[in-house]
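# Descriptive analysis of the structure
Okay, here's what each chain looks like letter by letter:
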Amino acid sequence: MDHTQNRSTPGGTAFETVRSDYLRTLSDTSAKNMRPVLERFETYLTHNGTDVVESIDVYDCRKYASRLADGEEAGEIAASTAHTYFDYVAGFLGYCVREGLLDTNPARKNRATENLPEDRGERERQFWAPADRQRLFQFVNRCVDSALEPPRVPSQILERRMRDRAIVYVLGKTGVRGAEVFAVSGDETRNGLRWSDVNLEDGVLCILSSSCEGHCW
């Protein structure tokens, strides 16, 4: 197939229509983050002769991954950001599969992702060093302990320090991101981690991912 020619499927569904439907299924924050990425992906597809969802294939995704790696899509971006943008596209195409517009998700094929840049370095820099993490644990422990010693501090200060310690331990011990467990003002979907999301017996937290799908740690 010549991918420089128009590959529209007769009676196919316009990308813009499905994109709008997909974004309405997301939280306001997720939709805001994903919209510009999906709009650029749409521009790329249209430029290359694909203007309906049913015609998107592995070749499109593979070439888009190359554009991200080369910085042609959004300027110079970190490798981790390129992976994030590609994941946004993959999430959208997964929605297309669920809606019966595609048989499989072309962005999840090995051939589609092999041109993405390796982002091992960026991921490693996101982790706390063990010594730094331990010092932070010790600090929040001291803050709580000092609040329990005479003279006792007001209850709201104690509660705040205990809350801060819980946050530090959750982030430090599980590796979750703040966006997955913190509430976002004005976004009813992201109401923050609740006790109902915690299973102490199994040691599991149910969190909300960037695509608003529940995941467990």
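Summary of the structure given here. All values derive from a computational prediction rather than experimental measurement. Going along each chain's sequence as written, the residues are numbered from 1 onward. Local features are withheld for residues below a pLDDT of 70 in this predicted model, meaning they are given only at 70 or higher, and side-chain atom pairs are given and counted only at 80 or more; totals for whole chains, interfaces and linings count all residues. Hydrogens and water are ignored here; the side-chain numbers use all heavy atoms of the structure.

Another aspect to go through is the overall build of the protein. Looking only at helices and strands, the protein features 9 helices and 3 strands. Taken from the N to the C terminus, the helices and strands of the protein come in the order α-α-α-α-α-α-α-α-α-β-β-β. Looking at the protein as a whole, 33% of its 217 residues qualify as buried. Long-range contacts, defined as pairs at least 24 residues apart, comprise 60% of the intrachain contacts of the protein with a sequence gap of at least 6. About 13,200 Å² of surface is accessible on the protein, with carbon and sulfur atoms providing 48% of the total. In DSSP terms, a helix is any run of H or I states spanning at least four residues, a strand is any run of E spanning at least two, and both are numbered starting from the N terminus. Summary of the burial criterion: residues with accessible area below 20% of their type's maximum are buried, those above 50% are exposed, and those between are partly exposed, where the area comes from a 1.4 Å probe applied to protein chains only. Any pair of residues with heavy atoms lying within 4.5 Å of one another is described as a contacting pair. The protein chains shown are the only cover counted for residues, whose accessible areas, like all others here, come from Shrake-Rupley with a 1.4 Å probe.

Attention now goes to helix H4 (residues 79-98). Multiplying 1.5 Å by the residue count of a helix minus one yields the expected span of that helix. The first and last C-alpha atoms of H4 sit 29 Å apart over 20 residues, in line with the 28 Å expected at 1.5 Å per residue. Taken across its 20 residues, H4 has 14 buried, putting it largely inside the fold. Just beyond H4, the residue with positive phi is Gly-100, at close to 80°.

Before going further, it helps to examine the packing of aromatic side chains. Pairing of aromatic rings covers Phe, Tyr and the six-membered ring of Trp, with a centre-to-centre limit of 6.5 Å; geometry is then stacked below 30 degrees between planes, edge-to-face above 60, and tilted otherwise. For the structure shown, the criterion picks out 9 aromatic pairs. Judged by centre distance (4.9 Å) and plane angle (50°), the rings of Phe-15 and Phe-92 are tilted. With a gap of 77 residues between them, Phe-15 in helix H1 (residues 15-24) and Phe-92 in helix H4 connect regions that are remote in the sequence. Pair check on accessibility: Phe-15 and Phe-92 agree, each one buried. Here the aromatic rings of Phe-41 and Tyr-44 are separated by 6.2 Å at their centres, their planes lie at 25°, and the arrangement is stacked. Highlighted residues: Phe-41 and Tyr-44, both in helix H2 (residues 28-47), separated by 3 residues, approximately one helical turn. On the basis of relative accessible area, Phe-41 is assigned to the buried category, the value being 0%. Its relative accessible area of 6% is what places Tyr-44 among the buried residues. Pairwise contacts between aromatic rings join Phe-15, Tyr-22, Phe-41, Tyr-44, Tyr-64, Phe-92 and Tyr-95 into one cluster. By definition, being over a ring means that NZ of Lys or CZ of Arg is both within 6 Å of the ring centre and within 35 degrees of the ring normal. The ring of Tyr-85 is capped by Arg-40, whose NZ or CZ atom sits 5.4 Å from the centre of that ring.

Another point: the packing of H2 against helix H3 (residues 58-70). Axes, fitted as lines to C-alpha atoms, cover a helix only where it is in contact. Angles between the N-to-C directions of the axes lie from 0 to 180 degrees. Direction vectors running N to C along H2 and H3 enclose 115°, while the axes themselves pass 11 Å from each other. Crossing geometry of H2 relative to H3 is assigned as right-handed. Here Val-37, Phe-41, Tyr-44 and Leu-45 of H2 come into contact with H3, specifically with Tyr-59, Asp-60, Lys-63, Tyr-64 and Arg-67. Side-chain classes are defined by residue name, with Ala, Val, Leu, Ile, Met, Phe, Trp, Tyr, Cys and Pro counting as nonpolar, Asp, Glu, Lys and Arg as charged, and the others, Gly among them, as polar. Looking at the contact of H2 with H3, its residues break down into 6 nonpolar, no polar and 3 charged. With the far helix as reference, a near helix turned anticlockwise by less than a right angle produces a left-handed crossing, and one turned clockwise produces a right-handed crossing.

Tracing the chain through its elements places Ala-166 in helix H8 (residues 155-174). On the accessibility criterion, Ala-166 (41% relative accessible area) is partly exposed. Sequence spacing of Ala-166 and Val-140 is 26 residues, and the spatial spacing of their C-alpha atoms is 8.9 Å.

This part takes up the environment of Tyr-169. Structurally, Tyr-169 can be placed in helix H8. As a C-alpha pair, Tyr-169 and Val-140 span 29 residues in sequence and 9.2 Å in three-dimensional space. Setting aside chain neighbours within four positions, we find Tyr-169 in contact with Phe-137, Val-140, Asn-141 and Thr-174.

All right, on to the nonpolar core then. Residue types Ala, Val, Leu, Ile, Met, Phe, Trp, Tyr and Cys, when buried and joined through side-chain atoms within 4.5 Å, form a set referred to as a nonpolar core. Counting residues in hydrophobic clusters, the biggest one holds 33 residues, and the most contacted among them are Phe-86, Phe-92 and Leu-93. Looking at this core, the elements that each hand over two or more residues are H1, H2, H3 and H4. It is H4 that contributes the most residues to this core, 10 residues altogether. Those residues in contact with Phe-86 that lie beyond four places of it in its chain are Cys-61, Tyr-64, Ala-65, Leu-68, Ala-107, Ala-112, Thr-113 and Leu-116.

The peptide bond linking Pro-150 to Pro-151 adopts the cis configuration, its omega dihedral lying at -5°. If you trace the backbone, Pro-151 turns up in the loop between helix H7 (130-148) and H8.

Geometric values such as these leave the question of function open.
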